[in-house]
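# Understanding the architecture of this molecule
If you want the building blocks of each chain, they are given just below.
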Amino acid sequence: MPHGCSIGLGLAMGIMARVLLLRSDYRQYPTYPHGYASHLFLGIIAALVGAVSVPALMAQEWTAVTFFVIVAQQFREIRSMERDSLEALEETQLVARGSDYIESIARVFEARYYIVIFVAASASYGAERGGALMGIALGVLALIGSTLVVKTEPLARSVEVIPAPLSFHGPDLYVGDIFIMNVGLESSRESIAEHGIGAILIPKTETARDTLANLGQRQAILHDAAGILGAKKDMDTPEFTPMATRHIQTGRVGVFMVPEEGDVQLLVNVIKRTPVLESARGRSLYGQSP
Amino acid sequence: MEITFGGIILCALTDDGEKIRDIPAFIVKDEAARQEKARLLSRILKAAVHDVGDDVLIVVRH
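Owing to the predicted nature of the structure, the values given are computational and were not obtained by experimental measurement. Position numbers for residues count from 1 along each chain, tracking the sequence in the order it is written. In the order they appear in the text, chains get letters beginning with A and ligands get numbers beginning with 1. Reporting of local features is limited, given that this is a predicted model, to residues whose pLDDT is at least 70; pairs of side-chain atoms are given and counted only at 80 or more, and all residues count toward the totals for whole chains, interfaces and linings. To obtain the side-chain values, all non-hydrogen atoms of the structure were used and water was disregarded.

Let us look at the packing of aromatic side chains. Residues and elements named next belong to chain A. The aromatic pairing rule takes the rings of Phe, Tyr and Trp, using the six-membered ring of Trp, and pairs them if the centres are within 6.5 Å, calling planes under 30 degrees apart stacked, those over 60 edge-to-face and the rest tilted. Going through the model one piece at a time under the given rule, you end up with two aromatic pairs over all chains. Between tyrosine 174 and phenylalanine 179 the ring centres are 5.7 Å apart and the planes differ by 70°, which places this aromatic pair in the edge-to-face class. Three exposure classes are used, based on accessible area relative to the maximum for each residue type with a 1.4 Å probe and protein chains only: buried under 20%, partly exposed in between, and exposed over 50%. Judged by its relative accessible area of 36%, phenylalanine 179 falls in the partly exposed class. Sitting over the ring of tyrosine 113, arginine 18 keeps its end group 4.6 Å from the ring centre. Over a ring means this: the NZ of a Lys or the CZ of an Arg is within 6 Å of the ring centre and within 35 degrees of the ring normal. Over the aromatic face of phenylalanine 109 sits the side chain of arginine 112, whose NZ or CZ is 5.7 Å from the ring centroid.

Have a look at this one:
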């Protein structure tokens, strides 16, 4: 087999890249073990596409190259597959992810397959040109470079998050000085005063202010916070639904929730780690509207 | 463009029926009893209770 080494190395590096990128983090997605199984299998196919395409290109096998380009296009379906899957789960979530967060996760999944193809192709090219060591070096470089490019930005980089006390002015609930909602039931007000926690998000720049204005970004914050701290609510207690309300004059956002774990510092840390969604990224300083 | 309701007032609780028009109203004179009725209605209807002042509570599904 004339290109066995380069195809084998490209395949191995591609699979390794997929395994490294397939980590189940605090968002608990993909779900173990079936999510892992399907993504590993698709990762093997992506690695094979990347590994075989380079030798085929070098051998001027245009039919094979065309075929692999068509196969690579099938990975666009990954995004809609992930979107459909997450949207189907939305109805049964106590605190929904929101469509922006779902779209962001789906994009990440799609992009990871292109990274796998790129890593496999780079390793394969290196092995063709300079042997196995060169292949490994190029594959590792491709993996590091790609992951740096697609790395998501945590909210903490552009937003300051501080704990803030909850207070009631009559039936109106406030986090710090930011109005959250009107709570009519006395018993719910007592419960919120006893178990509720809050934080205020202060944008460091005008761009961050735009990011926080996005409803999808705020829903992602609430989903992550409820996922880690738990939400002390059920379908018949909507007043305990976590909320993020904007102070219109300053662009600051007040976050309120009634968690299972009443650790306000943990809430602050979770908010800081929430990714800035691509669709929510503020762009007020990057362009002018016509 | 699709137009949807963000929140629907399901009913109101008040001490005086004259204060409410066009929506179902529960007239409960006593403040504590009104709170208890509102709590039961919110759990049954899976909706939130809001205090709009003047001894009027509304039950809203968001």
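Let's shift gears to the interface of chain A and chain B. Two residues form a contact once any of their heavy atoms are found within 4.5 Å. With 14 residues of chain A at the interface, the matching set in chain B holds 12 residues. Here the quantity called buried area is the accessible surface, traced with a 1.4 Å probe, that two parts lose on coming together, added over both. Summing both sides of the interface, chain A and chain B together bury roughly 1000 Å²; the carbon and sulfur share of this comes to 56%. Think of a salt bridge as a Lys or Arg side-chain nitrogen and an Asp or Glu carboxyl oxygen that are within 4 Å of each other. Inspection of the chain A/chain B interface yields one salt bridge. Arginine 43 of chain B is paired through a salt bridge with glutamate 239 of chain A; the nearest N and O atoms lie 3.1 Å apart. N or O atoms closer than or at 3.5 Å make up a polar contact, with two conditions inside protein: a donor-capable atom paired with an acceptor-capable one, and, for residues adjacent in sequence, both atoms drawn from side chains. Where chain A packs against chain B, one counts seven residue pairs in polar contact (both at pLDDT 80 or more).

Two modes of strand pairing occur in sheets, parallel and antiparallel, and in both the strands are linked by backbone hydrogen bonds. Residue and element names in this part refer to chain A. Note on pairing: DSSP must find at least two bridges between two strands before they are called paired. The helix count covers DSSP runs of H or I at least four residues long, the strand count covers runs of E at least two residues long, and both are numbered beginning at the N terminus. On the basis of which strands lie adjacent, the open sheet formed by three strands has the order 2-3-4 and antiparallel pairing. Each edge of the open sheet carries a strand with a single partner, namely strand 2 (166-169) and strand 4 (178-182). The sheet shows a mean angle of 30° between the axes of neighbouring strands, direction not considered. The sheet contact formed by strand 2 and strand 3 (residues 172-175) spans four bridges and is antiparallel. Axis angles are defined between N-to-C directions and span 0 to 180 degrees, where every axis is a line fitted to C-alpha atoms and, for a helix, only to the segment in contact.

All names here are of chain A. You can read the domains of chain A as domain 1 (4-149) and domain 2 (155-280). What fixes the domain bounds is an automatic or database domain assignment. Once you take the C-alpha centre of each, domain 1 and domain 2 turn out to be 36 Å apart. Each side of the interface is counted separately: domain 1 has 12 residues, and domain 2 has 20 residues. Between domain 1 and domain 2, roughly 1400 Å² of surface is buried when both sides are summed, and carbon and sulfur atoms account for 60% of that area. The closest approach of N and O atoms between glutamate 278 and arginine 107, which form a salt bridge, is 3.1 Å. Gly is placed with the polar residues, together with every amino acid not listed as nonpolar (Ala, Val, Leu, Ile, Met, Phe, Trp, Tyr, Cys and Pro) or charged (Asp, Glu, Lys and Arg). Taken together, the residues of the side of domain 1 that touches domain 2 sort by class into five nonpolar, three polar and four charged.

What follows is about helix 2 (residues 34-58) of chain A. The end-to-end C-alpha separation of helix 2 of chain A is 37 Å, in line with the 36 Å expected for 25 residues at 1.5 Å each. Once helix 2 of chain A finishes, glutamine 60 of chain A follows within two positions and takes phi at roughly 55°, a positive value. By definition here, a helix of n residues has an expected span of 1.5 Å times n minus one.

With that settled, consider the pairing of strand 3 (residues 48-51) of chain B. Residues and elements named next belong to chain B. One ladder, built from four bridges, connects strand 3 with strand 4 (residues 56-61); its direction is antiparallel. If you follow aspartate 51 over to strand 4, its bridge partner there is leucine 57. The antiparallel pairing of strand 3 with strand 4 creates a hairpin that spans four residues between the two strands, and glycine 53 there sits at a positive phi of about 85°.

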